[in-house]
Amino acid sequence: MTSTGMRTEAEDSGPSGYAAARLRLLQEGAQSGPPRRAALAGLTDEWLTGLFSAGTEGLRGVSLVAVGGYGRGELSPRSDLDLLLLHDGADSGAVAALADRIWYPIWDLGLALDHSVRTPGEARKTAGGDLKVQLGLLDARHIAGDLGLTAGLRTAILADWRNQAPKRLPELQELCAERAERQGELQYLLEPDLKEARGGLRDATALRAVAASWLADAPREGLTDARRRLLDVRDALHLTTGRATDRLALQEQDQVAAELGLLDADTLLRQVYEAARVVSYASDVTWREVGRVLKSRAVRPRLRAMLGGGAKPAVERSPLAEGVVEMDGEVVLARAARPERDPVLPLRAAAAAAQAGLPLSLHAVRRMAAVARPLPTPWPAEAREQLVTLLGSGRPTIEVWEALEAEGLITRLLPDWERVRCRPQRNAVHIWTVDRHLIETAVRASELARRVGRPDLLLVSALLHDIGKGWPGDHSVAGEIIARDVAARIGFDRADVAVLATLVRHHLLLIDTATRRDLEDPATVRSVAEAVGSQGTLELLHALTEADALATGPAAWSSWRGSLVADLVKRVVAVLAGDAPEEPEAAAPTAEQERLAIEAFRTGGPVLALRAQTEPPTGEDPTGDPEPLGVELLIAVPDQSGVLPAVAGVLAMHRLTVRTAELRALDLPDGVEGSVLLLNWRVAAEYGSLPQAARLRADLVRALDGSLDIAARLAERDAAYPRRRGTIAPPPRVTVASAASRHATVIEVRAHDAPGLLHRIGRALEDASVWVRSMHVSTLGANAVDAFYVTGPKGAPLPAEEAVSVARGLEEMLRG
């Protein structure tokens with residue numbers, strides 16, 4: 001359909017004609033992106049012009065003006081119409097009637113409308129008191145009526161903006177910062193707001209406003225394309241949802257990707273992240289320039305007065321490194337620097353900037369990207385040392401790294417980086433993309449560098465530990481291969497290359513083993529010692545484990561996890577030193593355990609005790625309060641079936657999270673026939689305070705005698721609090737861990753964490769006639785990874801075929 005045809009239908013047929021033409025335009029698959037947005041704005045202009053003209057016979061000094069996004073000619077399918085009815089104040093009654101003739105047809109079509117009726121003076125006054133109104137008017141565009149009236153307002157608003165820029169730009173910067181604090185960074189969010197998050201469409205509009213002030217300008221390379229990409233995604237989001245939304249929710253990402261012709265939701269997110277990164281970097285550079293200009297304007301009059309109105313004072317340049325100086329709060333290249341002859345200069349400049357806590361000049365980065373020679377293979381020692389210095393500089397490393405990455409220098413130095421750049425991680429535990437997580441890990445590792453003998457290997461392993469996530473299969477296996485190649489290329493010798501490869505291959509070994517295996521089992525400790533090989537590598541792996549977890553997110557590390565890892569490391573150190581672990585013997589019951597057992601036998605029912613556990617404070621303040629590790633729950637029950645599912649169910653009902661659990665049969669003292677089951681569990685309250693022991697015991701009694709239907713109670717609670725829609729959880733997986741223990745069969749369950757999960761597993765294992773000796777529970781976000789040490793009725797590990805059968809049955813139960 002031609003625009004002329006659209007105009008005829010829109011004007012001659014009224015609202016219904018416009019609605020039909022609009023619908024056809026949005027359904028045309030061949031037209032999308034900027035052409036469709038411009039066509040939609042044009043179609044809307046023509047319809048509104050018809051409404052305006054029909055109501056202005058004999059009326060002069062009035063015009064219809066589009067502002068904001070509509071003013072820029074960028075209408076998404078569900079965008080608001082931002083309109084200003086501008087008039088000279090001569091006939092307010094006629095203007096009010098005209099406004100009704102325009103606004104009501106818009107509302108009748110169900111379109112969102114942001115409207116105002118003002119004289120030029122009123123518009124300027126309102127803009128002077130409301131920054132958002134002023135920003136909208138910067139994009140004012142004439143639709144119909146008195147063109148001179150609109151042009152006069154545009155000229156006045158732009159003049160006001162430029163005259164008030166020293167005051168308004170800091171306000172705008174503060175507004176952007178507050179919005180970023182509320183909405184987060186678009187380039188890392190799994191469900192981002194395309195408009196409001198940092199690096200989104202609001203920030204792109206703010207950059208246009210800064211440029212309009214003539215005070216500073218944003219880096220333009222890639223900015224137009226980034227903005228177009230975000231608008232395209234918003235268009236597709238509006239079309240697939242039928243709603244005026246800017247939040248790219250998880251459940252809608254596949255549809256949006258399909259609408260845009262992309263492979264999948266991950267491809268979509270990566271494109272969104274790349275666009276957001278361009279906008280964010282341009283914002284950082286632009287606001288630094290604004291600050292520098294405003295500062296120089298404030299200082300210059302005083303300097304001129306001091307110098308008697310003479311020549312401008314020379315800008316001070318402070319040397320930082322060879323070819324690198326600080327100037328005006330930024331790191332720039334020295335006048336004598338020759339990046340075309342100095343391939344180490346980009347790393348040297350980056351390291352100097354990070355060490356000084358200063359940003360790298362945009363001009364310097366672009367010059368180096370344009371002319372710097374590639375580093376030879378292997379890298380010279382200075383290049384490797386400068387990379388380590390950059391990684392070890394702490395928090396300033398992030399901003400400097402982003403500056404290098406924005407101009408393509410990182411992928412030139414480390415080609416494998418391209419695979420992880422802007423790669424999303426669909427895991428609620430991770431709060432960063434893969435590439436940002438790697439840099440965050442290096443930052444965390446720099447804080448632990450004093451704990452290891454080779455901080456250079458720690459920092460480089462932190463940078464590379466997840467580099468395999470860009471490849472199919474196990475990222476640790478793929479990462480080991482890549483790490484070997486990268487480490488050799490950047491100049492490490494053969495022995496160091498082997499250590500780095502081991503660290504990358506086994507970077508999850510300590511945390512997985514500590515939280516999912518029985519540390520009292522010698523086989524567990526020996527397997528870790530064999531994988532690590534030396535105390536030096538173990539020391540590095542311990543620090544890398546902590547740095548990796550801290551850089552992942554709040555759910556990945558805690559005092560409890562840290563204590564488990566430290567315990568494992570201590571045991572492995574002993575093995576590596578030649579002290580072979582002895583076969584564990586059943587520990588003699590403590591006096592408290594004996595007391596509980598006798599009481600349980602005497603009363604014929606469960607007896608329990610709760611005791612808080614803490615660890616001594618560590619770190620910079622050894623005099624602080626102990627940190628809680630959880631609560632030890634001791635339960636003694638006369639030997640009977642169904643104890644594990646009953647206890648797990650009661651704890652779930654009381655919102656207690658199980659961290660570790662051990663079960664053992666305790667023979668009673670001489671002269672007393674019978675046995676008692678003793679459960680020693682560590683638990684933590686999900687929120688609030690712990691329930692009273694008496695309440696736990698009362699519910700446990702009812703669970704054991706069958707009068708309390710735990711499954712029904714948990715189902716009722718689950719139904720009362722429906723979960724928020726999101727991605728569908730992957731199916732559970734149950735496996736048998738081979739050679740994990742000599743004394744028991746280890747069955748590992750990976751499933752979506754939910755109330756009563758341990759209760760269901762315990763019941764299934766009970767039904768399979770296996771005995772649970774201990775279990776190790778690990779929950780990360782919505783994912784539970786639980787290891788169960790089980791034996792047959794006679795206390796021996798299960799035969800291989802039976803173990804596989806039990807695992808298969810458990811998996812089928814969880815899937816059902």
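Residues numbered from 1 in each chain as written. Predicted model: local features only at pLDDT ≥ 70, side-chain atom pairs only at ≥ 80, totals over all residues. Heavy atoms only, no water.

J.: Can you help me understand the overall build of the chain in this one?
T.: Secondary structure assignment for the chain yields 32 helices and 15 strands. Counting the 816 residues in the chain, one finds 51% classified as buried. Expressed as a percentage of contacts within the chain between residues at least 6 apart in sequence, the contacts between residues at least 24 apart total 70%. In the form shown here, the chain has an accessible surface area of approximately 37200 Å², with 51% of it arising from carbon and sulfur atoms. (Helix = DSSP H or I, 4+ residues; strand = E, 2+ residues; numbered from the N terminus. Buried < 20%, exposed > 50% of the residue type's maximum accessible area, 1.4 Å probe, protein only. Contact = heavy atoms within 4.5 Å. Areas by Shrake-Rupley, 256 points an atom, 1.4 Å probe, with all protein chains shown as cover.)

J.: Explain the packing of aromatic side chains to me, please; I cannot follow it from the model alone.
T.: Aromatic rings in a pair are described by how distant their centres are and how their planes are angled relative to each other. Enumeration over the complete set of coordinates arrives at four aromatic pairs. Relative to Trp 47, the ring of Tyr 18 has its centre 4.2 Å away and its plane inclined at 5°; by these criteria the two rings are stacked. Placement of the pair is Tyr 18 in helix H2 (residues 14–27) and Trp 47 in helix H3 (residues 33–54), with a sequence separation of 29 residues. Judged by its relative accessible area of 2%, Trp 47 is buried. Lying across the ring of Trp 432, Arg 436 places its NZ or CZ 4.2 Å from the centre. (Phe/Tyr/Trp six-rings, centres within 6.5 Å; stacked < 30°, edge-to-face > 60°. Lys NZ or Arg CZ within 6 Å of the ring centre and 35° of its normal.)

J.: What am I meant to see in the sheet that holds strand S4 (residues 141–145) here?
T.: Backbone hydrogen bonds hold the strands of a sheet together, and the pairing may be parallel or antiparallel. The strand order S3-S2-S1-S4 describes an open sheet built from four strands, whose pairing is mixed. Edge positions in the open sheet fall to strand S3 (113–118) and S4, since each of these has one partner strand only. For this sheet, the mean angle separating the axes of adjacent strands, direction not counted, is 20°. Sheet topology note: the strand S1 (residues 62–66)/S4 ladder contains four bridges and is antiparallel. From the neighbouring strand, Ser 63 faces S4, where its bridge partner is Gly 145. Strands S1, strand S2 (81–87) and S4 of the sheet are contacted by H3, whose axis makes an angle of about 35° with S4. On top of the sheet, helix H6 (residues 120–129) reaches S2 and S3; it is set at about 120° to S3, its chief contact. (Pairing = 2+ DSSP bridges. Axes fitted to C-alpha atoms, helices over the stretch in contact; angles between N-to-C directions.)

J.: What am I meant to see in the packing of H6 against helix H8 (residues 147–163) here?
T.: The N-to-C vectors of H6 and H8 enclose an angle of 25°; their axes lie 10 Å apart at closest approach. The angle between H6 and H8 falls in the class roughly parallel. In terms of crossing hand, the pair formed by H6 and H8 is right-handed. Judged by residue contacts, Pro 120, Ala 123, Arg 124 and Ala 127 of H6 engage Leu 149, Leu 153, Ala 156, Ile 157 and Asp 160 from H8. Considering only residue class, the contact of H6 with H8 consists of seven nonpolar, no polar and two charged. (Parallel < 35°, antiparallel > 145°, perpendicular 65-115°, else oblique. Left-handed = near helix turned anticlockwise from the far one by under 90°. Nonpolar A, V, L, I, M, F, W, Y, C, P; charged D, E, K, R; others polar.)

J.: Can you help me understand helix H28 (residues 643–653) in this one?
T.: Because the α-helix completes a turn every 3.6 residues, residues three or four places apart line up on one side. In terms of residue burial, H28 counts as a mostly covered element, since 11 of its 11 residues are buried. Those residues of H28 that fall on the buried side of the exposure criterion are Val 643, Leu 644, Pro 645, Ala 646, Val 647, Ala 648, Gly 649, Val 650, Leu 651, Ala 652 and Met 653. Phi turns positive one or two residues past the end of H28, at Arg 655, with a value near 55°.

J.: Before we go on, may I ask you to explain the nonpolar core in this structure?
T.: With 93 residues, the main nonpolar core has Leu 360, Trp 379, Trp 401, Leu 414 and Trp 417 as its most contacted residues. Counting residues per element, this core draws most heavily on helix H14 (residues 345–356), which supplies eight residues. Look past the residues within four positions of Leu 360 in its chain and what remains in contact with it is Arg 288, Val 331, Ala 349, Ala 350, Ala 353, Val 365, Val 400, Ala 403 and Leu 404. Counting residues in each nonpolar core, the second largest holds 50 residues, with Val 643, Met 653, Val 658 and Leu 700 among its members. (Core = buried A, V, L, I, M, F, W, Y, C linked by side-chain atoms within 4.5 Å.)

J.: Hey, could you run me through the environment of Leu 237 in this one?
T.: Within the element layout of this structure, Leu 237 appears in helix H11 (residues 223–241). You can call Leu 237 buried: its relative accessible area is 0%. Distance in space between the C-alpha atoms of Leu 237 and Ala 249 is 9.4 Å, their sequence separation being 12 residues. The residues touching Leu 237, leaving out its near neighbours within four places in the chain, are Leu 194, Gly 242, Thr 245, Asp 246, Arg 247, Leu 248, Glu 252 and Val 256.

J.: I'm lost on the sheet that holds strand S6 (residues 324–327) in this one. Help?
T.: If you walk across this open sheet you meet the three strands as S5-S6-S7, and the pairing is antiparallel. Unpaired on one side and paired on the other, strand S5 (317–321) and strand S7 (330–333) mark the two borders of the sheet. Put simply, the sheet's adjacent strands are angled 40° from each other on average, direction ignored.

J.: Where do I start with the environment of Asp 235 in this structure?
T.: Assignment of secondary structure puts Asp 235 in helix H11. Classification of Asp 235 as buried rests on a relative accessible area of 1%. Along the chain, Asp 235 and Arg 36 lie 199 residues apart, while their C-alpha atoms are 9.5 Å from each other. When near neighbours in sequence (up to four residues on either side) are disregarded, Asp 235 contacts Gly 33, Arg 36, Arg 37, Ser 76 and Pro 77.

J.: What is the right way to look at the confidence of the model for the chain in this model?
T.: In this model, the chain carries an average pLDDT of 87, and 89% of its residues clear a pLDDT of 70 or more. Counted against residues more than four places away or in other chains, residues 616–628, with its pLDDT under 50, gives 12 contacts. (pLDDT = per-residue confidence, 0-100.)

J.: I would appreciate a short explanation of the side chain of Asp 246 in the present structure.
T.: Checked against the element boundaries, Asp 246 lands in the loop between H11 and helix H12 (253–259). For Asp 246, a relative accessible area of 17% corresponds to the buried category. Beyond its immediate chain neighbours, meaning those up to four positions away, Asp 246 contacts Pro 192, Asp 193, Leu 194, Lys 195, Arg 234, Leu 237 and His 238.

J.: Is there a simple way to think about the packing of helix H23 (residues 509–516) against helix H26 (residues 559–576) in this case?
T.: Angle between the axes and distance between the axes: these two values describe a pair of packed helices. With their axes 9 Å apart at the nearest point, H23 and H26 run at an angle of 100° to one another. Between H23 and H26, the crossing angle belongs to the class labelled roughly perpendicular. Packed against H23, whose contacting residues are Leu 510, Ile 511, Thr 513, Ala 514 and Thr 515, the element H26 presents Arg 561, Leu 564, Val 565, Leu 568 and Val 569 at the interface. Classifying every residue of the contact of H23 with H26 gives seven nonpolar, two polar and one charged.

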